[in-house]
Amino acid sequence: MVLNPNNKVLVTGATGFIGQNLVPALLKKKYEVTVIARSLDRIKDFSWFGKVRFIQCDYHKDKFISKKKIPQNVIHLAWKGLPNYKSKFHLEENLVCNYFFLSRLIELGVKKIFVLGTCLEYGMLEGKIKSVSQTDPHTPYGLAKNLLRLLLLKKQNFFNFKLQWGRLFYTYGNGQSSNSLISKLEKAIKEKRKEFNMSFGEQVRDYLHIDDVVQKILTIFSVEENLTVNICSGKPITIKDFVIDYLKKRNKKITLNFGYYDYNDYEPMKFWGENDINSDRMKFLKNINDKKNEIKEST
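Each value, and the rule that gives it
Residues numbered from 1 in each chain as written. Predicted model: local features only at pLDDT ≥ 70, side-chain atom pairs only at ≥ 80, totals over all residues. Heavy atoms only, no water. Core = buried A, V, L, I, M, F, W, Y, C linked by side-chain atoms within 4.5 Å. Buried < 20%, exposed > 50% of the residue type's maximum accessible area, 1.4 Å probe, protein only. Contact = heavy atoms within 4.5 Å. Pairing = 2+ DSSP bridges. Helix = DSSP H or I, 4+ residues; strand = E, 2+ residues; numbered from the N terminus. Axes fitted to C-alpha atoms, helices over the stretch in contact; angles between N-to-C directions. Parallel < 35°, antiparallel > 145°, perpendicular 65-115°, else oblique. Left-handed = near helix turned anticlockwise from the far one by under 90°. Nonpolar A, V, L, I, M, F, W, Y, C, P; charged D, E, K, R; others polar. Right-handed = clockwise from strand over helix to strand, strands pointing away. Salt bridge = Lys/Arg side-chain N within 4 Å of Asp/Glu carboxyl O.

J.: Can you walk me through the nonpolar core in this structure?
T.: The tendency in soluble globular proteins is for nonpolar side chains to be buried side by side. Val-11 and Val-33 are the most contacted members of the largest nonpolar core, which has 36 residues in total. Setting aside residues no more than four positions away along its own chain, Val-33 makes contact with Val-9, Val-11, Val-23, Leu-26, Leu-27, Val-52 and Arg-53. Judged by nonpolar contacts, the second largest core, of 28 residues, contains Val-74, Tyr-99, Tyr-141 and Tyr-266.

J.: Help me out: how do you make sense of the sheet that holds strand E4 (residues 73–76) in this one?
T.: Consider a sheet: its strands pair through backbone hydrogen bonds, and that pairing is either parallel or antiparallel. If you trace the 7 strands from one edge of the open sheet to the other, you get E3-E2-E1-E4-E5-E7-E12, paired in parallel fashion. Single-partner strands in this sheet number two, and they are strand E3 (53–56) and strand E12 (227–231). In this sheet, neighbouring strand axes are inclined to one another by 20° on average, regardless of whether the strands run parallel or antiparallel. Running over the sheet, helix H3 (residues 89–107) touches strand E1 (8–12), strand E2 (32–37), E4 and strand E5 (112–118) and is turned about 170° from E4. Sitting on the sheet, helix H4 (residues 140–155) touches E5 and strand E7 (162–168), and the angle it makes with E7 is about 165°.

J.: Looking at this model, I keep getting lost on the packing of helix H5 (residues 181–190) against helix H7 (residues 239–250). Mind explaining?
T.: Helix-helix packing: each pair is described by the crossing angle between the helix axes and the interaxial distance. At a minimum axis distance of 12 Å, the contact between H5 and H7 shows a crossing angle of 45°. Considering their axes alone, H5 and H7 lie oblique with respect to each other. Relative to H7, the crossing made by H5 is right-handed. Two secondary-structure elements touch here, H5 through Leu-181, Ile-182, Leu-185, Glu-186 and Ile-189 and H7 through Ile-239, Phe-242, Val-243, Tyr-246, Leu-247 and Arg-250. In terms of residue class, the contact of H5 with H7 is made up of 9 nonpolar, no polar and 2 charged.

J.: In this structure, what is going on with the pairing of E4? I would like to understand it.
T.: Working note: regular strand, side chains alternate between the two faces of the sheet. What you see with E4 is no split at all: Asn-73 and Ile-75 on one side and Val-74 and His-76 on the other are buried throughout. Of the strand pairs in this sheet, E1 and E4 are connected by 4 bridges, and their pairing is parallel. Opposite Leu-10, over in E4, you have Val-74 as the bridge partner. Across 4 bridges, E4 lies against E5 in parallel orientation. If you follow His-76 over to E5, its bridge partner there is Val-115. Taken together, E4, H3 and E5 form a β-α-β motif whose crossover is right-handed.

J.: Even after reading the chapter, I still don't get the pattern of salt bridges, so can you show me in this structure?
T.: If the charged atoms of two oppositely charged side chains come close together, the side chains can form a pair. In the structure shown here, the tally under the stated rule is 9 salt bridges. For Glu-224, the salt bridge identified is with Lys-112, shortest N-O distance 3.0 Å. Of this pair, Glu-224 sits in the loop between helix H6 (210–221) and E12 while Lys-112 is found in strand E5, placing the two residues 112 residues apart along the sequence. Between Arg-205 and Glu-267 there is a salt bridge, and its shortest N-O distance comes to 3.6 Å. Here Arg-205, found in strand E10 (residues 204–205), pairs with Glu-267, found in the loop between strand E14 (255–257) and strand E15 (271–273); they are 62 residues apart in sequence, far enough to count as distant. We note that Arg-205, like Glu-267, is buried. Several salt bridges converge on common partners, so that one network encompasses Glu-121, Arg-149 and Arg-167.

J.: Please clarify how the pairing of E1 should be interpreted in this entry.
T.: In terms of burial, E1 is largely enclosed, as 4 of its 5 residues are buried. Two elements, E1 and E2, share 5 bridges in a ladder whose sense is parallel. Within E2, the residue paired with Val-11 across the bridge is Val-35. Crossover connection from E1 via helix H1 (residues 17–28) to parallel E2: handedness right-handed.

Keep in mind that these numbers describe shape and distance, not what the molecule does.
Following this line, the structure appears as structure tokens:
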């Protein structure tokens, strides 16, 4: 069977936390996946490597030129320099390199691009945040992501492509960075430490397991429309309660040393997202898209 062009996708950042979980989910959904990575050394160790097409390229150093046909669909997850959100590197290099890379793909004929954004694009907004809320980033990372989105929107004035922007809130699960809260907690448990140092934990956040993040990205990507959406649970929870609940579910015990760390100065005290993925509009668009695919497959 010849795959529909809509089932062919190019993925960047496939070795990262989100990417290493998303690629096998795409393959399970019968997508034909091409991945771009800087090195073969790390990516070849993933169980799904033999099922994807691999292009070796560091788009921060090399102008992307492919002699092979590029899929018309792109999921762009790659982004260097995390979790150092305050680094000027995001503005001085990341923004430039990511924009010119995506521009090159658009010029090569890409018709749909999903880009992973961040809740830090909202800056210091408090409370429940909608995807239509005003962006006001306070970090170089959030600012660079938001500027990339605006530049790509301007690019649509000259090229015909769909832009899908998913602002990720907080996530956890298999493959996460060792610098993350839950990874540090798991390390402390594994090393049988008596205490785990953290802040007072009164910050209200929005956490979503990586499996749910993947499913939401798949839902967004299944729609052939321009979209800007939140990728979140829509359920506010204090970090303190989140950690306590996590320990209960894992049936683990460790003394939590509250107040060891100060609160981050680049995040509001209480904020969470509105869950766009379960909105009536998203369900309607997905139903329309599914019907279109049924018609294509029957002809």
